[in-house]
Amino acid sequence: MDTIRRALGRLSLLYALIFLVAALLHAGAGPGPLRRPPVPPAVVTEALCCAAMLVGAYGALRPRPWAWDGLIYTHAAALGGVLLGVLATALVPGVQAGTLLVVYHGTVAALLAAGLGAAFYVSRVRR
C-alpha cells in the first residue's frame, strides 16, 4: 500500500507541474506556436487543479492520516476541472479546439481517472 501511495504522491507532483504549465499557457505565456490569447477562467481552473494536486502529493508523500482520502478528493477535483475544460472546449462558441488541446485534456483525464481508480481500490482493500 505504501508503494502505491508514494507513487500516487509523485504522480500528483507531476500533475501539479503539468497544471502549472497549462495555467501559464492559458494566461498567454508561451513560446511562439503555443502562444494563445489569454483565457482567464481556464487559468483559474488550472491553478486550482495545481493546488489540489499539491495538497494530495503532500498528504501522500508525508504519510498523513488523511492521505488516501486526500488522494481521492484531489484526483476527483482535478478530474472535474479537466472535464470542465473539455466541456468548455466543446460547447463555448468561438473556442477552437486544436489537436494539442484535445490530446492534453484526453491524456490528463485518463491519467487522473486511473489514479482515482487506484486510490479507490486501495481504500477498499485497506478496510
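Look a little higher up for the structure.
What you see is a predicted model, and the numbers here were worked out from it, not measured in a lab.

**Q** Account for the packing of helix α2 (residues 40-61) against helix α3 (residues 67-91), with residues named and values stated.
**A** Running from amino to carboxyl end, α2 crosses α3 at an angle of 165°, the nearest separation of the two axes being 8 Å. With respect to each other, α2 and α3 are oriented roughly antiparallel. The handedness of the crossing between α2 and α3 is left-handed. Contacts from Thr45, Cys49, Ala52, Met53, Val55, Gly56, Gly59 and Ala60 of α2 reach α3 at Ala67, Gly70, Leu71, Thr74, His75, Ala77, Ala78, Gly81 and Leu84. Split by residue class, the contact of α2 with α3 holds ten nonpolar, seven polar and no charged.

**Q** Outline the packing of helix α1 (residues 2-26) against helix α4 (residues 99-125), supporting the account with residue identities and numerical values.
**A** As a packed pair, α1 and α4 sit with axes 11 Å apart at the nearest point and diverge in direction by 155°. Our classification of the angle between α1 and α4 gives roughly antiparallel. α1 and α4 meet at a crossing whose hand is left-handed. Residue-level inspection shows Ile4, Leu8, Tyr15, Ile18, Phe19, Ala22 and His26 of α1 in contact with α4, the latter providing Leu101, Tyr104, Val108, Leu111, Leu112, Gly115, Ala118, Ala119 and Val122. When the residues that make up the contact of α1 with α4 are grouped by side-chain class, the tally is 14 nonpolar, two polar and no charged.

Calculation rules
- Residues numbered from 1 in each chain as written.
- Predicted model: local features only at pLDDT ≥ 70, side-chain atom pairs only at ≥ 80, totals over all residues.
- Heavy atoms only, no water.
- Axes fitted to C-alpha atoms, helices over the stretch in contact; angles between N-to-C directions.
- Helix = DSSP H or I, 4+ residues; strand = E, 2+ residues; numbered from the N terminus.
- Parallel < 35°, antiparallel > 145°, perpendicular 65-115°, else oblique.
- Left-handed = near helix turned anticlockwise from the far one by under 90°.
- Contact = heavy atoms within 4.5 Å.
- Nonpolar A, V, L, I, M, F, W, Y, C, P; charged D, E, K, R; others polar.

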